[in-house]
Amino acid sequence: MQIVIIGAGVIGLATAWRAAQGGAAVTLVDPAPASGASSVAAGMLTPVSELSYGEEPLLRLGLASRDRYRAFAAELAEATGLDTGYRDDGTLQVAFDADDLKLLDDLRAFQEGLGIPVEALTGRECRKAEPMLAPGVRGGLLAPEDGSVDPRRLAPALLAAAEGLGVRLVRRRAEGVLVERDTATGVRLDDGTEIRADRVLLAAGPWSGDLAGLPPGTVPPVRPVKGQVIRLRTPVPFLRRTTRGLVKGSSVYLVPRADGEIVIGATQEELGFDTRVTAGGLWELLRDARELLPGITELEFAEVTAGLRPGSPDNAPLMGPTALPGFYLGTGHFRNGILLAPVSADALAAMLLDRPVPAVAAPFSPARFPTEVQ
Ligand code: FAD
């Protein structure tokens, strides 16, 4: 089986690795691997803390992926010798004022109703768990099994693992999908060369809607959703685990890494393919982060970046075959692509190789958007 994958972000990379393990000859096409959202993302693995009303199938997919992460990271380390920065030390979600606490209480009732274990903490207990928290923090929720990974370590590890199994990386832009006799037969690159394949997977993040040659109805309904993040550095431990906060109704998170990096994120902006960093975006993040953790103003500033999440109409990924035989989608992972990489790779590789697909992936078929995709 010859497979060509357009896009080497975490989704394309992880799927290439799994498909190669399954015996396929895989070519990855990307002019700049992992240059999209996968290089900006904070790397939270927090399906429980991110639970939203009406997104229960996405929660189940997220839990299935989170539960694969320890073995996934270990397998990558074993194959490549590279550390992904994986941590499973839980996520603390805290409330700044009484209204924020009410929102957290509602979330806890929803989580518990779905049978998910979370621990309610008083303000004092939150500060015991995270001593740098502001004295005014009202209370919080601990999701003990959520965690994080460093996407900037994960992507190179995935690429090394994939290349170690013979995956070929072509550093060019895919311009279009080749279609012959109503079947996808490969990809045309920006230098005019063609790569033939039995199956084509489109995993180009928010750019997945831009490819030429797709018949009407097979263009995925994805859009870019901008997010700005700040990276700080600390020489001494500052936070023990991922800490998310509600501050007067607005959300902020801080993700610590073992090497002293702290990622603060993230804005959510519908501005098309705009990746400018703005004063207002940074101000909002720093304002809310400082309310929760006043000591952050002492930390060294390292970097600020903006990336584009691949948003979909229902905030969930599109994974699977389309109405064009041989042409598959693996995109639309929106806020959760790092979390969802292990389960998405398992599901997409199984689909591409005609093997049994994990049942938890069934609700994410592109066919659920009949007017756009089928
Ligand atoms: P991308 O990572 O965007 O990769 C797409 C790739 O396709 C790129 O390498 C690009 O070069 C390539 N490409 C584009 N066009 C073409 C073409 N024509 N030909 C060939 N290649 C092409 N997720 C989490 O799970 N946890 C988080 O904490 C988290 N935080 C985030 C914070 C921010 C600020 C942002 C922006 C995102 C965050 N995400 C998080 C979401 C996550 O980053 C994305 O869901 C994930 O990176 C999507 O991966 P992808 O492989 O689909 O796309």
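These remarks concern the structure in this document.

About the thresholds
- Residues numbered from 1 in each chain as written.
- Predicted model: local features only at pLDDT ≥ 70, side-chain atom pairs only at ≥ 80, totals over all residues.
- Heavy atoms only, no water.
- Salt bridge = Lys/Arg side-chain N within 4 Å of Asp/Glu carboxyl O.
- Helix = DSSP H or I, 4+ residues; strand = E, 2+ residues; numbered from the N terminus.
- Buried < 20%, exposed > 50% of the residue type's maximum accessible area, 1.4 Å probe, protein only.
- Near = heavy atom within 4 Å.
- Polar contact = N/O pair within 3.5 Å; in protein donor to acceptor, adjacent residues only side chain to side chain.
- Areas by Shrake-Rupley, 256 points an atom, 1.4 Å probe, with all protein chains shown as cover.
- Axes fitted to C-alpha atoms, helices over the stretch in contact; angles between N-to-C directions.
- Parallel < 35°, antiparallel > 145°, perpendicular 65-115°, else oblique.
- Contact = heavy atoms within 4.5 Å.
- Nonpolar A, V, L, I, M, F, W, Y, C, P; charged D, E, K, R; others polar.
- Core = buried A, V, L, I, M, F, W, Y, C linked by side-chain atoms within 4.5 Å.
- 1 Å grid on protein atoms, 1.4 Å probe; cavity = no way out; pocket = protein on both sides within 12 Å on 5 of 7 lines; lining within 4 Å.
- Points joined across faces, edges and corners; volume = space filled by probe spheres on them.
- Pairing = 2+ DSSP bridges.

This part takes up the pattern of salt bridges. Throughout the structure, instances matching the rule amount to 31 salt bridges. The partner of glutamate 50 in a salt bridge is arginine 244, and the shortest N-O contact between them spans 3.5 Å. Taken as a pair, glutamate 50 in the loop between strand S3 (44-45) and helix H2 (56-80) and arginine 244 in strand S14 (residues 242-247) lie far apart in primary sequence, 194 residues in all. For the pair formed by glutamate 50 and arginine 244, the shared burial category is buried. The partner of glutamate 145 in a salt bridge is arginine 66, and the shortest N-O contact between them spans 3.0 Å. You can see glutamate 145 sitting in the loop between strand S6 (139-143) and strand S7 (147-148) and its partner arginine 66 sitting in helix H2, a full 79 residues away along the chain. Linked by salt bridges that have partners in common, Asp150, Arg153, Arg231, Arg257, Asp259 and Glu261 make up one network.

Neighbouring the ligand are 41 residues, the closest being Asp30, Ser38, Met44, Phe334 and Leu339. Isoleucine 11 has a polar backbone atom sitting 3.2 Å from an oxygen atom of the ligand. Burial of the ligand by the protein chains amounts to 97% of its free accessible area of 1000 Å². Elements represented by at least two residues in the shell around the ligand include exactly helix H1 (10-21), strand S13 (223-233), strand S17 (300-311) and helix H7 (337-352).

So, about the packing of H2 against H7. At a closest axis distance of 7 Å, the pairing of H2 and H7 adopts a crossing angle of 85°. On the basis of their axis angle, the class for H2 and H7 is roughly perpendicular. Residues Leu58, Leu61, Gly62, Ala64, Ser65, Arg66, Arg68, Tyr69 and Phe72 of H2 pack against Ile338, Leu339, Leu340, Ala341, Pro342, Val343 and Asp346 of H7. Residue classes in the contact of H2 with H7 are distributed as eleven nonpolar, two polar and three charged.

Bringing the nonpolar core into the picture now. Judged by nonpolar contacts, the single largest core of 51 residues is most densely connected at Leu154 and Leu158. In terms of residue count, H7 provides more of this core than any other element does, eleven residues in total. In this structure leucine 154 touches Val10, Tyr69, Phe72, Leu76, Thr84, Val149 and Ile338, once residues within four positions along its chain are discounted. Listed in part, the 26 residues of the second largest apolar core include Ala129, Leu133, Val252 and Leu254.

What follows covers empty space enclosed by the protein. With the rule as written, the count across this model stands at one cavity of 30 Å³ or more. In this structure, the largest cavity occupies an estimated 100 Å³ of space. The wall of the largest cavity is formed by Pro47, Glu50, Leu51, Ser52, Glu55, Leu58, Leu59, Gly62, Arg335, Asn336 and Leu339. Grouping the amino acids of the lining of the largest cavity by side-chain chemistry returns five nonpolar, three polar and three charged.

The subject of this paragraph is the sheet that holds strand S8 (residues 168-170). The six strands are arranged S8-S2-S1-S12-S19-S18 in an open sheet whose pairing can be described as mixed. A single partner strand is all that each edge strand has here, and the edge strands are S8 and strand S18 (318-321). Recorded for the sheet is a direction-independent mean angle of 20° between the axes of neighbouring strands. Pairing of strand S12 (residues 199-202) with strand S19 (residues 327-331), which is carried by three bridges, proceeds in the parallel orientation. Counted as the bridge partner of leucine 201 is tyrosine 328 from S19. Seen against the sheet, H1 touches strand S1 (2-6), strand S2 (25-29), S12 and S19 and runs at an angle of roughly 165° to S2.

This brings us to the sheet that holds S17. Strand pairing in a sheet is mediated by backbone hydrogen bonds. Such pairs are either parallel or antiparallel. Across the sheet, which stays open at both edges, the eight strands sit in the order S5-S6-S4-S14-S15-S16-S13-S17 with mixed pairing between neighbours. Both edges of this open sheet fall to strand S5 (119-122) and S17, since each of them pairs with a single strand only. For this sheet, the mean angle separating the axes of adjacent strands, direction not counted, is 20°. Sheet topology note: the strand S4 (residues 91-95)/S14 ladder contains five bridges and is parallel.

This paragraph deals with the pairing of S19. Of all the five residues making up S19, five are buried; the element is thus mostly covered by neighbouring parts of the structure. Going residue by residue along S19, you find Phe327, Leu329 and Thr331 tucked away on one face and Tyr328 and Gly330 tucked away on the opposite face as well. Inspection of the sheet shows S18 paired to S19 by four bridges, in the antiparallel sense. Bridging across to S19, methionine 319 finds its partner in glycine 330. Counted along the chain from S18 to the antiparallel partner S19, the turn is five residues long, and its residue glycine 326 has a positive phi close to 85°.

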